Amino acid sequence: RRHKRVQEKRRAREAAQRAVVKETMERREARKMAEQQVLSSEKKLKEQQKAEETLLQLEMAKIRKQMQEERSRQQLLENVSLGATRPHPQGEIPANDTNSVA
């Protein structure tokens, strides 16, 4: 009878230990999974930021190109209008210039 009680206590103790070990393993697994999710979402965030930066750079390059084209167009217009008003290819001849023939 005493032997039976000792055996039951031992079984109960072993079962309790197994339960603790199982719980510890489950916690460890849950922590690992949570860490993986954090790492995964951090990676996704970094990828998203990189994509946004790339889009931004493309947009800025496009704007710079448009501005350059606009400046070129403006310069062309100025050159054309100056060419129309310019009587001499070297530029305006001052009225008090006595060396040149008007």
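Quick caveat, the model's predicted, so the values are computed rather than measured.

A. Structural detail: the overall build of the protein. Across its full length, the protein carries one helix and zero strands. Relative to its 102 residues, the protein shows a buried fraction of 1%.

B. Structural context of a positive patch on the surface. Among the surface-exposed residues, Arg1, Arg2, Arg5, Lys9 and Arg13 lie close enough to one another that they form a single positively charged patch. Examined against the element boundaries, Arg2 turns out to sit in helix α1 (residues 2–85).

C. Up close: the environment of Glu70. Tracing the sequence through the fold places Glu70 in helix α1. Side chain to side chain, Glu70 and Arg73 meet in a polar contact 3.0 Å long.

Criteria and cut-off values
Residues numbered from 1 in each chain as written. Predicted model: local features only at pLDDT ≥ 70, side-chain atom pairs only at ≥ 80, totals over all residues. Heavy atoms only, no water. Helix = DSSP H or I, 4+ residues; strand = E, 2+ residues; numbered from the N terminus. Buried < 20%, exposed > 50% of the residue type's maximum accessible area, 1.4 Å probe, protein only. Patch = residues over 30% accessible without salt bridge, like charges linked within 9 Å, V, L, I, M, F, W, Y side chains within 5 Å. Areas by Shrake-Rupley, 256 points an atom, 1.4 Å probe, with all protein chains shown as cover. Salt bridge = Lys/Arg side-chain N within 4 Å of Asp/Glu carboxyl O. Lys, Arg positive; Asp, Glu negative; His and termini not counted. Charge placed at Lys NZ, Arg CZ, Asp CG, Glu CD. Polar contact = N/O pair within 3.5 Å; in protein donor to acceptor, adjacent residues only side chain to side chain.

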